[in-house]
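Analysis of the macromolecular model
Given next are the chains, with one letter for each unit.
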Amino acid sequence: MYIQVSEDFKNKSKSAILAIGIFVIVYILLFLFTVLLAVACIGGGILLIIAKPMFLTLMLGIGAAGTGVFIFFFIIKFLFKKHINDRSHLTEITRTQEPALFKMIDEIVAEAGTDFPKKVYLSYDVNASVFYDSSFWSMFLPIKKNLTIGAGLINTSTKQELKAILSHEFGHFSQRSMKVGSYVYNVNQIIFNLVNDDQSYRNSVESWANISGYFSIFASISMFITQKIQWVLTKMYSFVNIRHLALSREMEFHADEVAAHIAGSLSLEESLLRIELASNSYNNVLNFYESRISKNQSSKNIYAEQSFVMNFFAQLNEVEIKHNLPNVKLSESGLFNKSKLVIENQWASHPSHEERITKLRTLNIIKEANHEPARNLFRDFEQTEEKLTAKLFSRVQYQKGKTYLELNSFKEEFEEQYTKDSFDKIFNSYYDNKNPDFTVQENPVTKKLDFDDLFNKEKVELVYTLIALENDKKTIEAIMNKELVLKTFDYDGQKYDSSEAHKLIPKINDAIEEVKHQIRQNDSDIYNYFLSTEHHDKKNEFIQAYQLLAEFDHQYEEKLIVYTDMCKATAFMSTQTLFDQIKHNFNSMKPFEEKLKSEIRTYLEGDTASADLNEQDVKDMNYYIQNDLIYFNNGQYLETNIQLLMNAMNIYPYLLSRKYFRMKKNLLDVMKQVKISSAAEKVNF
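Everything quoted here is computed from the prediction, not taken from an experiment. (Residues numbered from 1 in each chain as written. Predicted model: local features only at pLDDT ≥ 70, side-chain atom pairs only at ≥ 80, totals over all residues. Heavy atoms only, no water.)

**Considerations on the packing of helix H17 (residues 504–531) against helix H18 (residues 536–570)**
Put simply, the rule reads: Here the axes come from fitting lines to C-alpha atoms, over the contacting stretch only for helices, and the angles between their N-to-C directions go from 0 to 180 degrees. The way it works is that DSSP assigns letters per residue, a run of H or I at least four long becomes a helix, a run of E at least two long becomes a strand, and they are numbered from the N terminus. Oblique is the label for every angle not falling under 35 degrees (roughly parallel), over 145 degrees (roughly antiparallel), or within 65 to 115 degrees (roughly perpendicular). The criterion used for residue contact is that any of the two residues' heavy atoms lie within 4.5 Å. Gly counts as polar in this scheme, as do all residues outside two lists: the nonpolar Ala, Val, Leu, Ile, Met, Phe, Trp, Tyr, Cys and Pro, and the charged Asp, Glu, Lys and Arg.
Relative orientation of the contacting elements H17 and H18 amounts to 140°, with a least axis distance of 9 Å. What the angle tells us is that H17 and H18 run oblique. Contacts between H17 and H18 pair Tyr527, Phe530 and Leu531 from the former with Lys539, Phe542, Ile543 and Tyr546 from the latter. Its residues assigned to classes, the contact of H17 with H18 shows 6 nonpolar, no polar and 1 charged.

**So, the pattern of salt bridges**
Rules: Take a side-chain nitrogen of Lys or Arg and a carboxyl oxygen of Asp or Glu: if they are within 4 Å of each other, that pair is a salt bridge. For every residue, the accessible area obtained with a 1.4 Å probe (protein chains only) is divided by the maximum for its type, and the residue is called buried under 20%, exposed over 50%, and partly exposed between those limits.
The tally for this structure, following the rule as stated, stands at 24 salt bridges. One salt bridge connects Lys329 with Glu320, and the closest N-O pair in it is separated by 2.5 Å. A salt bridge links Glu385 to Arg375; the nearest nitrogen and oxygen atoms lie 3.0 Å apart. In this pair, Glu385 sits in helix H13 (residues 381–393) while Arg375 sits in the loop between helix H12 (353–363) and H13, placing the two residues 10 residues apart along the sequence. On the basis of relative accessible area, Glu385 is assigned to the buried category, the value being 2%. A residue is classified by how much of its surface remains accessible, and Arg375, at 24% relative accessible area, is partly exposed.

**Considering a nonpolar patch on the surface**
Defined as follows: Within the patch definition used here, like charges are joined within 9 Å and nonpolar side chains (Val, Leu, Ile, Met, Phe, Trp, Tyr) within 5 Å, considering only residues with over 30% relative accessible area and no salt bridge. All accessible-area figures derive from a Shrake-Rupley calculation using a 1.4 Å probe, and residue coverage is judged against the displayed protein chains alone.
On the surface, Ile42, Ile46, Ile50 and Val69 cluster together into a nonpolar patch covering about 350 Å² of accessible area. With 3 residues, helix H1 (residues 7–51) is the single largest residue contributor to the nonpolar patch. Checked against the element boundaries, Ile46 lands in helix H1. Accessibility expressed as a relative area gives 46% for Ile46, which makes it partly exposed.

**Topic: the nonpolar core**
Rules: Joining through side-chain atoms within 4.5 Å is the link that ties buried Ala, Val, Leu, Ile, Met, Phe, Trp, Tyr and Cys residues into a set, and such a set is a nonpolar core.
In this structure, Phe455, Phe542, Leu596, Ile600, Tyr624 and Met671 are the most contacted members of the largest nonpolar core, which totals 75 residues. Residue assignment for this core shows that the elements contributing at least two residues are helix H15 (451–454), helix H16 (457–480), strand S12 (488–491), H17, H18, helix H19 (579–604), helix H21 (615–626) and helix H22 (639–684). Looking at this core, the element that brings in the most residues is H22, giving 17 residues. Beyond its immediate sequence surroundings of up to four residues, Phe455 is in contact with Ile426, Phe427, Asn428, Tyr430, Tyr431, Val460, Ile526 and Met671.

**Some remarks on the sheet that holds strand S4 (residues 128–131)**
Our working rule: Here a strand pair is declared whenever DSSP counts at least two bridges between the two strands.
Taken together, 4 strands build an open sheet; the order of strands is S2-S3-S6-S4 and the sheet is mixed. Since the sheet does not close on itself, it has two edges, and those belong to strand S2 (91–93) and S4, each with one partner. Recorded for the sheet is a direction-independent mean angle of 30° between the axes of neighbouring strands.

**Thoughts on the packing of H1 against helix H2 (residues 55–76)**
The test is simple: In a left-handed crossing the near helix is turned counterclockwise from the far helix by less than a right angle, and in a right-handed crossing that turn is clockwise.
One can describe the packing of H1 onto H2 by two numbers: an axis separation of 8 Å at closest approach and a directional angle of 165°. With respect to H2, the element H1 is oriented roughly antiparallel. H1 and H2 meet at a crossing whose hand is left-handed. Looking at the contact of H1 with H2, its residues break down into 20 nonpolar, 6 polar and no charged.

**Comments concerning the pairing of strand S6 (residues 146–150)**
The element S6 is largely enclosed, with a buried count of 5 among its 5 residues. Pairing geometry for S4 and S6, over 4 bridges, is antiparallel. Each residue of the ladder has a partner; that of Ser129, found in S6, is Thr148.

**Overview of the side chain of Lys665**
Filter applied, for reference: Residues adjacent in sequence count toward polar contacts only when both atoms are side-chain atoms; beyond that, a polar contact is any pair of N or O atoms within 3.5 Å, and within protein one must be able to donate a hydrogen and the other to accept it.
With respect to the helices, strands and loops of the structure, Lys665 is situated in helix H22. Within the structure, the side chain of Lys665 is placed 2.8 Å from the backbone oxygen of Ser422, a separation counted as a polar contact. Excluding residues that lie within four positions of it along the chain, Lys665 makes contacts with Thr419, Lys420, Ser422 and Phe423.

**So, H19**
As a reminder, the rule being used: The term bend refers to the angle at a residue between two fitted axes, each drawn through seven residues, those ending there and those starting there.
Maximum bend of H19: about 40°, positioned at Lys590, with proline Pro591 one to four residues after it. What H19 keeps buried is the set Ile582, Asn585, Phe586, Met589, Glu593, Leu596, Lys597, Glu599, Ile600, Tyr603 and Leu604.

**Comments concerning the environment of Ile154**
By secondary structure assignment, the location of Ile154 is in helix H4 (residues 151–154). Residues Ile154 and Phe378, spaced 224 residues apart in sequence, show a C-alpha to C-alpha distance of 9.8 Å. Beyond its immediate sequence surroundings of up to four residues, Ile154 is in contact with Leu122, Ile149, Leu162, Ala374, Arg375, Phe378 and Phe381.

Pasting the structure below:
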């Protein structure tokens, strides 16, 4: 199969090749400089020793020669570096074990015109990738790629969708023209190694410096020169990498086209749109079990639970089910993104899903599809899932023997946890990213107010439009201040030069004020709607819950100052500080720490600590507030006590936010009850 590459791809390839050429020239110049420097240092050192043989000249001569050797080694060290991918999280599968899967891969590589992978692995997550161990020599020697397929992806795909995703991965290597990407990737690895991966080099120089005080002088000279070389290479890294990433985005479009020709446009589109939901569901299960570590609870099959969570969220958001899987629409995937600002992200390696889907729809390649679950490609995928789950949880350290949570128990506990940690669906996400307006006042109702109108799609969109406008304003201000460097950008369908960014600020400010006015009016209507209820007990309960949240909202920033004061008071621990100053700083910290302990004590004495914190955290916080801990003694920080202090500082803002959430949820629950009571009255009437 041959697919004509686009003009954009050709232009980005030329730009990437040009960047490589410039890098090669710069590198050759640096190489020649280090060779001449090494020859001069070694020759000069030898001549110095010959001219006047004595201990001093011997040490200076060896030091000079060592400087030349180390600088030269720095510029060539990437030749001996090999990037080995960590495979500890992977499980290899073979053709004998899974013949149906390997048959599909055979078909894909034959159609894509590429080589069969060296090895095939299963990973835990919701992804697929092709990788290889790279080195400088992999630019010249043929290297076979390895294929990784995530069990979380197989579990949430049809056979046709999995075929499309794997076709995309092999599409990256299907044509000779794609090899430029490999060259740019390897050049990036070389520069990265020279610029960042130099710890072993630094250790070698430091070991040499520790041999003698004479050598330490030359070690400093070596580090100074290599830092200057690194500065040049850092600039080159940005220059090459921007062009590499631009080419990578074009390679994604090309690989999508390969996948569309093999498996059809629609199958890839539907898998792209579902993958975020599938990945989010998988991560929700992981987070669920992370909070259960203190209870020694583990999963027997995390993928069965992933399926439940994915369908749970799909049902919650009224997502259509197709082929027994959620069929996410493009409009649903960007539901809350109301930004009018479009910036080509030069540091993005992948185009957005929207861009990819637009091109797939333009191709509109239709193929006969197999909509069976992808898991049916395996002889016993449930057993595979259980083995992978056991391997995943084998990394968790349980204090006691772990117990397995049955699937039905997981479903009940997950739903209960989700309900406890989320606002009711009847509010239509209106309050998910905003709080009630506490400046509203009681006004005579001059129009008929309806609950569903107050929380309809248009009112919710106002909230997310305001968020988008405020974010757009910050981004455009960053462009104005040259914190974000780019030539042009699009706003509301019109192209602007960066020099014109200031013209947009008044326009955005006006839009922000207009949307804020509409939201304030709706919040006022919401407040007065609930005040107008005929149920006096519910009305009083609403007013009380509203006022309590308003009071805590007013106190929130003041309470958060306790945390910020502690951060400032402990900042010295991350810098080199004299011993006497450290003791003084800890003494100065004490008044702030007492406030922190007092606030945490209040929470621990309440009835929600066990719900917000695990058992170990409760024990640690009780120990922390009941003891006057010493953090520095005999010239050393006491790590155990320091850790308790840091935990307390991190837990405090979390407890603050949890209290705010509970009070807000309580208010919304009261509002829900008012709504239910009003609806019941209408039915009875």
